[in-house]
Amino acid sequence: MRRERGGRRVSRFRAMGVEVVVGGAQPRELAAVADLFATWDAIFSRFRPDSELVHVNASPADAIVVSSTFARAVQVALDAAALTGGLVDPTLGAAIVEAGYDRDFAQLADDGRPPAPAPGPGTGAVRLTGRLLSRPRGTVLDLNGVVKALAVDEALELLAGPGFVAAGGDVAVRGAVVAGLPAGGAVRLLDGGLATSGPTRRRWTRGGEPQHHLLDPATGRPARSRWTAVTVAAATCLASDVAAKAAFLLSDDGPGWLDERNLPGRFVDGDAIVRNRSWNASTGVTAGAAA
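Quick look at the structure, then. Computed from a prediction, not measured in an experiment: that's the story for all the values here. (Residues numbered from 1 in each chain as written. Predicted model: local features only at pLDDT ≥ 70, side-chain atom pairs only at ≥ 80, totals over all residues. Heavy atoms only, no water.)

1. A closer look at the packing of aromatic side chains
Aromatic ring pairs are described here by two measures, namely the spacing of the ring centres and the angle between the planes. On inspection of all chains with the given rule, the structure shows 4 aromatic pairs. Ring centres of Phe 13 and Phe 37 lie 6.0 Å apart, and the angle between their planes is 70°; this geometry places the pair in the edge-to-face category. On the criterion of sequence distance, the pair formed by Phe 13 in strand β2 (residues 10-15) and Phe 37 in helix α1 (residues 27-44) is long-range, its members being 24 residues apart. Comparing Phe 13 with Phe 37, the two get one shared label, buried. Ring-pair connections join several aromatic residues into one group, and the members of that group are Trp 40, Phe 44 and Phe 70. (Phe/Tyr/Trp six-rings, centres within 6.5 Å; stacked < 30°, edge-to-face > 60°. Helix = DSSP H or I, 4+ residues; strand = E, 2+ residues; numbered from the N terminus. Buried < 20%, exposed > 50% of the residue type's maximum accessible area, 1.4 Å probe, protein only.)

As structure tokens, this is what we get:
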């Protein structure tokens, strides 16, 4: 990823288990971005015993008062579930653990135990009233479906001028940036967000079965999709990321689902690249072009 000619310095650091790349930030702005990611990791990490998420999931109470930042992320996750018909589901925390993703990805090792399906209860019984969160007993929340992209968008707002913030490849941009694409090619993003969803970066085995982090909410098991990567452009990184996850989970129906929402999508299927109508219309790409 690179700024257009004349851009300012690009900086990198690690947070939330991924590389964060910031372009166009002044030193104070960069420090504020790094602090935001550190703070959010301390709140939402599944792997830090002192995180608010771990505390909420461990609480036996039917209702619990959460921080304003936590409440906002929950509301965003509930909205994402509603917008995607329940595909992007924040109640799959137990399912991702049963699939074997129970520690930081860098520490995962092959696990001989067979995976156990653990469908989530869904968001229908999850209620948020101000900072008061209620959910069915035993619900394990996993807010990573929205938190990283939301942090990217929040971090971009800390930059006074043109720039970008990317985390794990998902990016929010103010001013032109050229972003590389899965399986080759690049796209010039003027403003907004670009996110890619797919199982290729985070894969492991459990009981001899390949696993990944994109779960089918109906089964609690890793989803079977024809796509290895789905890239979506939208007004924000959050909107891009949620839509990319949903389009991946929808498999063959993903391109049309995005077109119904006027969202450009690019799909990788082995050696083949499939672009929906919105992608071609917004980029001017014709069949056979690299992007």
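2. Quick word on the sheet that holds strand β5 (residues 127-129)
Taken in spatial order, the 3 strands make up an open sheet running β4-β6-β5, and their pairing is antiparallel. Since the sheet does not close on itself, it has two edges, and those belong to β4 (63-65) and β5, each with one partner. Ignoring which end each strand starts from, the neighbouring axes of this sheet average 20° apart. Where β4 and strand β6 (residues 132-134) come together, 3 bridges link them in antiparallel fashion. Paired with Ile 64 across the two strands is Leu 133, which belongs to β6. (Pairing = 2+ DSSP bridges. Axes fitted to C-alpha atoms, helices over the stretch in contact; angles between N-to-C directions.)

3. Section: the packing of α1 against helix α3 (residues 68-83)
Following both chains from N to C, one finds α1 and α3 inclined at 75°, their axes separated by 11 Å at the closest point. By the angle between their directions, the pair α1 and α3 is classed as roughly perpendicular. Note on element contacts: α3 touches α1 through Thr 69, Phe 70 and Ala 73, opposite Trp 40, Ile 43 and Phe 44. In terms of residue class, the contact of α1 with α3 is made up of 5 nonpolar, 1 polar and no charged. (Parallel < 35°, antiparallel > 145°, perpendicular 65-115°, else oblique. Contact = heavy atoms within 4.5 Å. Nonpolar A, V, L, I, M, F, W, Y, C, P; charged D, E, K, R; others polar.)

4. Details of the pairing of strand β16 (residues 272-275)
Sheet analysis places strand β15 (residues 265-269) next to β16, joined by 4 bridges and oriented antiparallel. Its bridge partner being in β16, Phe 267 is matched across the sheet by Val 274.

5. Quick notes on the packing of helix α5 (residues 144-156) against helix α6 (residues 237-250)
It is at 8 Å that the axes of α5 and α6 come closest, and there the two elements cross at 155°. In terms of axis orientation, α5 runs roughly antiparallel to α6. Note on packing geometry: the crossing formed by α5 with α6 is right-handed. Residues Gly 145, Val 146, Ala 149, Leu 150, Val 152 and Asp 153 of α5 form the contact with α6, whose own contacting residues are Cys 237, Leu 238, Asp 241, Val 242 and Lys 245. For the contact of α5 with α6, the class distribution of residues is 7 nonpolar, 1 polar and 3 charged. (Left-handed = near helix turned anticlockwise from the far one by under 90°.)

6. With respect to the side chain of Ser 278
Checked against the element boundaries, Ser 278 lands in helix α8 (residues 277-283). At 2.8 Å, the side chain of Ser 278 forms a polar contact with the side chain of Asp 259. With near-sequence residues (within four places) excluded, Ser 278 lies in contact with Asp 259, Asn 262, Leu 263 and Pro 264. (Polar contact = N/O pair within 3.5 Å; in protein donor to acceptor, adjacent residues only side chain to side chain.)

7. Points about the pairing of strand β3 (residues 18-23)
Of all the 6 residues making up β3, 5 are buried; the element is thus mostly covered by neighbouring parts of the structure. Relative to β3, β2 runs antiparallel, the two being bridged by 6 bridges. Its bridge partner lying in β3, Phe 13 is registered against Val 20. Linkage of β2 to β3, two consecutive antiparallel strands, is achieved through a turn of 2 residues, within which Met 16 is found at a positive phi near 55°.

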